[in-house]
Amino acid sequence: MVCCMCSRSVQILSRQLKLSQLRVFHIAMDTVPPAASGVRSASSFLFDKAFVNGQWVTAKSGSVYQITNPSTGKTIGSVPDMNADDTQQAIEKANAAFLRWRETTAKERSLILRKWFDLTNQNKLELAKLLTAENGKPLKEAIGEINYAAGFIEWYAEEARRVYGDVIPPTAASKRMLVLKQPIGVAGMITPWNFPSAMITRKACAAIAAGCTVVLKPAEDTPFSALAMCQLAKEAGLPDGVLNVVTSSRDNAPSVGNTLCASPIIKKISFTGSTVTGKILLQQSASTVKKVSLELGGNAPFIVFDSADIEAAVQGTMVSKFRCSGQTCVCANKILVQEGVYERYVARLAEVMKQELRVGDGFDDSTTQGPLINSKAVDKVESIVEDAKKLGAGLLYGGKRSDKGENFFEPTLLSNVTVEMRCAKEEIFGPVAAVIKFKTEEEAVAIANSSNSGLAGYFYSQNLSQIWRVAEKLEVGLCGVNDGLISAIEAPFGGVKESGLGREGSKYGIDDYLEIKYVCIGGL
Ligand code: ADP
């Protein structure tokens, strides 16, 4: 079986890739040990076409754009630069597939998803290498993400069979009143670059489990992980047209997005990305009164109270702040520390940052901090640090671009931060820990809630009354108490305020792809 897949992948590879692209990819991956014999290599998952109606396709215009490894700046390969026309075609294919897919049983959908999960697990390491090559995150983190991505496939394989309606006690003896749950239709999805695999499966597998079909645009920086997932879905037996991936450059993203939002065929938009883009998509979806799920930016407070276990709080800060080099929407953003433990916490955090954080290429075993996604991201982080320094913050560690390469920034610790500084007001999206000193619980909660965002929030306390009080008062969708890493497949993920609409993962995630229909049978 493995051998058979292996030779098939070689055929696919020779069909899909021009030799020159293969070579560049090998250059980009040349620090990686080759796959063990009999195992598919990472480059066998590198597809230079988009995936529509079960076929690998080019853009109608023939345009392509290049993807680079953010660590080395080397080209990995290219993918089609699709536009509104290509998107419209994918929508029509997805609609035709929906008419068939919605008729399948929950068990049929579940079995295909289960097989897709198994295939993802079998190819975990190679998918992770692809992810590190295009996103830059350390290979260990990339493997963690593939586990997380696979977990959503498995979860929705299970949830597919747990969609129940209701029987309502009738208002008259001659009536029967029922609630049916039905797939909403074709779903349009737009995903970000910071979790190139997990954001695909968290959305698409919920939709597919519910009986919907999907047209998905991955982030321009990280299309390869999305396309690799399509290959595995196809091998698992997912019918043509159920999952369609349309790739586009940043220039074409607005027209692809607008086509999805304005299409009367698309019944649902699901987006993860910046608040600015989310608001545009929400507006564009108004003309067709579409259902919209948005998972947008955060500005996570991370509060350390006087009663906290300081060692645990520092470890929690490390995982919450520095995962993916600080580029997750649930990363600790403004760290609030009570005056009684402030000095101790800051000193210990500086010590642990020096001991544990290593900047470098994601394929280097010792690396904990890969590059930021592109030079624009580095410019932003640099200007946020400069702003803080200018307004009086103390620089205890790092603070500048790293000599590892154009897209690297040193892990940075800023003390004496105030609420006027950009690092407290904006989502940093980089490896910068910004610490604010506070006096009272009320003050900390007020600062935490002063943002328009409300995605994640964390606090450390050993006072039980305070734990209940603060957990209830924080205006967030996800709350970590004495824990800095709280995302889980089984738990609902989503924000309040301008951080978004809807929930993903958990038993609630599939609801976003279901319509509730009330059926009243009279005259009985
Ligand atoms: P970031 O700045 O972190 O890249 P974005 O919200 O800009 O966050 O990007 C997230 C996703 O949204 C990506 O897939 C990107 O291509 C897409 N995107 C960006 N702008 C638009 C737009 N105007 N319409 C549709 N999609 C967009």
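Draft legend 1. Broad picture of the site of the ligand. T191, K217, E220, R250 and S274 are the nearest of the 16 residues found near the ligand. In the environment of the ligand, an oxygen atom lies 2.8 Å from a nitrogen or oxygen atom belonging to the side chain of K217. Within the side chain of S274, a nitrogen or oxygen atom sits 2.7 Å from an oxygen atom of the ligand. Put simply, the parts of the chain that give the shell around the ligand at least two residues each are α9 (253-262) and α10 (275-284). No other element matches α9, which puts 3 residues into the shell around the ligand.

Draft legend 2. Representation of the packing of helix α4 (residues 106-122) against helix α6 (residues 139-159). Put simply, α4 and α6 touch, their axes get as near as 8 Å, and they point 165 degrees apart. Compared by their axis directions, α4 and α6 come out roughly antiparallel. Crossing of α4 over α6 shows left-handed handedness. The segment α4 lies against α6, with S110, L113, R114, W116, F117, T120 and N121 engaging I146, A150, I153, E154, Y156, A157 and E158. Across the contact of α4 with α6, the residue classes tally to 8 nonpolar, 3 polar and 3 charged.

Draft legend 3. Just the sheet that holds strand β15 (residues 412-415), in detail. Here we have 7 strands laid out as an open sheet, ordered β14-β15-β16-β13-β12-β18-β19, and mixed in their pairing. At either margin of the open sheet sits one strand with a lone partner, and together these are β14 (394-397) and β19 (478-481). Pairs of neighbouring strands in the sheet enclose a mean axial angle of 20 degrees, with direction left out of account. As judged from the 5 bridges shared by strand β13 (residues 332-338) and strand β16 (residues 432-438), these two strands associate in the parallel manner. Residue K334 lies in a different strand from β16, and its bridge partner there is A434. The strands touched by helix α11 (residues 310-322) within the sheet are β12 (300-304), β13, β16 and β18 (456-460), with β12 carrying the most contacts at an inclination of about 165 degrees. Here helix α16 (residues 464-473) sits on the sheet and contacts β18 and β19; the angle it forms with β18, its principal contact strand, is near 165 degrees.

Draft legend 4. Representation of the pairing of strand β11 (residues 291-295) in the model. Counting buried residues in β11 gives 4 out of 5 residues, a clear majority hidden from the surface. Note that strand β10 (residues 266-272) and β11 share 5 bridges and pair parallel. The residue bridging K268 from the neighbouring strand is K291, located in β11. One crossover worth recording links β10 to the parallel β11 by way of α10, and it is right-handed. Looking at chain direction, β11 and strand β21 (residues 500-501) are connected through 2 bridges and run antiparallel. Paired with E295 across the bridge in β21 is G500.

Draft legend 5. The arrangement of the pairing of β15 in detail. The side-chain alternation of β15 yields two buried faces, one formed by T412 and L414 and the other by L413 and S415. Pairing geometry for β14 and β15, over 3 bridges, is antiparallel. Bridge pairing in β15 places Y397 opposite L413.

Draft legend 6. Representation of the sheet that holds strand β6 (residues 176-183) within the structure. Pairing is antiparallel across the open sheet formed by 3 strands, whose spatial order is β5-β6-β22. The sheet terminates laterally at β5 (166-168) and β22 (514-521), the two strands that pair on one side only. Looking at each pair of strands side by side, their axes are set apart by 25 degrees on average, direction ignored. Where β5 meets β6, 3 bridges bridge the pair, whose relative direction is antiparallel. If you follow D166 over to β6, its bridge partner there is V179.

Draft legend 7. Structural detail: the packing of aromatic side chains. All chains considered together, the criterion is met by 8 aromatic pairs. Note on F47 and W56: the rings are 4.3 Å apart at their centroids and 10 degrees apart in plane angle, and the pair reads as stacked. As far as the burial class goes, F47 and W56 line up, both buried. Relative to F429, the ring of W193 lies with its centre 5.8 Å away and its plane at 90 degrees, an arrangement referred to as edge-to-face. With a gap of 236 residues between them, W193 in the loop between β7 (186-190) and α7 (198-210) and F429 in the loop between α14 (422-425) and β16 connect regions that are remote in the sequence. Judged by its relative accessible area of 17%, W193 is buried. Members of the aromatic cluster, connected to one another through ring pairs, are F47, F51 and W56.

Draft legend 8. Spotlight on the environment of T201. Within the fold, T201 resides in helix α7. Each C-alpha atom, one on T201 and one on R469, is 35 Å from the other, the two residues being 268 residues apart in sequence. Look past the residues within four positions of T201 in its chain and what remains in contact with it is A149, F152, I153, Y156, A206 and M229. A distance of 2.9 Å separates the side chain of T201 from the backbone oxygen of A149, its partner in a polar contact.

Analysis parameters
Note that residues are indexed from 1 along each chain, following the sequence as it is written. Per-residue local features of the predicted model are confined to residues with pLDDT of at least 70, and side-chain atom pairs are confined, for both listing and counting, to 80 or more; whole-chain, interface and lining totals are unaffected and use all residues. Side-chain numbers here rest on the full set of heavy atoms in the structure, without hydrogens or water. Whether a residue is near a molecule or strand depends on its heavy atoms: it is near if one of them lies within 4 Å of it. Whenever a nitrogen or oxygen atom comes within 3.5 Å of another N or O atom, the pair is scored as a polar contact, on the condition that within protein one atom can donate a hydrogen and the other can accept it, and that pairs from neighbouring residues in sequence are kept only if both atoms are in side chains. Helical segments are the DSSP runs of H or I of at least four residues, strand segments are the runs of E of at least two, and each set is numbered from the N terminus. Structural elements are reduced to axes, namely lines fitted to C-alpha atoms, with helices fitted over the stretch in contact, and the angle between N-to-C directions of any two is expressed from 0 to 180 degrees. Here the word oblique covers every angle except those under 35 degrees (roughly parallel), over 145 (roughly antiparallel) and from 65 to 115 (roughly perpendicular). Helix crossings fall into two classes, left-handed where the near helix is turned counterclockwise from the far one by less than a right angle and right-handed where it is turned clockwise. For this analysis, residues touch if any pair of their heavy atoms sits within 4.5 Å. Residues were grouped as follows: Ala, Val, Leu, Ile, Met, Phe, Trp, Tyr, Cys and Pro as nonpolar; Asp, Glu, Lys and Arg as charged; and all remaining residues, including Gly, as polar. Each pair of strands is called paired provided DSSP finds at least two bridges between the two strands. Whether a residue is buried, partly exposed or exposed follows from its accessible area with a 1.4 Å probe, protein chains only, as a fraction of its type maximum: under 20%, in between, or over 50%, in that order. Handedness is read with the strands pointing away from the viewer; a crossover is right-handed when the path from the first strand over the helix to the second is clockwise. Only the six-membered ring of Trp is used, alongside the rings of Phe and Tyr, when aromatic pairs are assigned; centres must lie within 6.5 Å, and planes under 30 degrees apart are stacked while those over 60 apart are edge-to-face, with the rest tilted.

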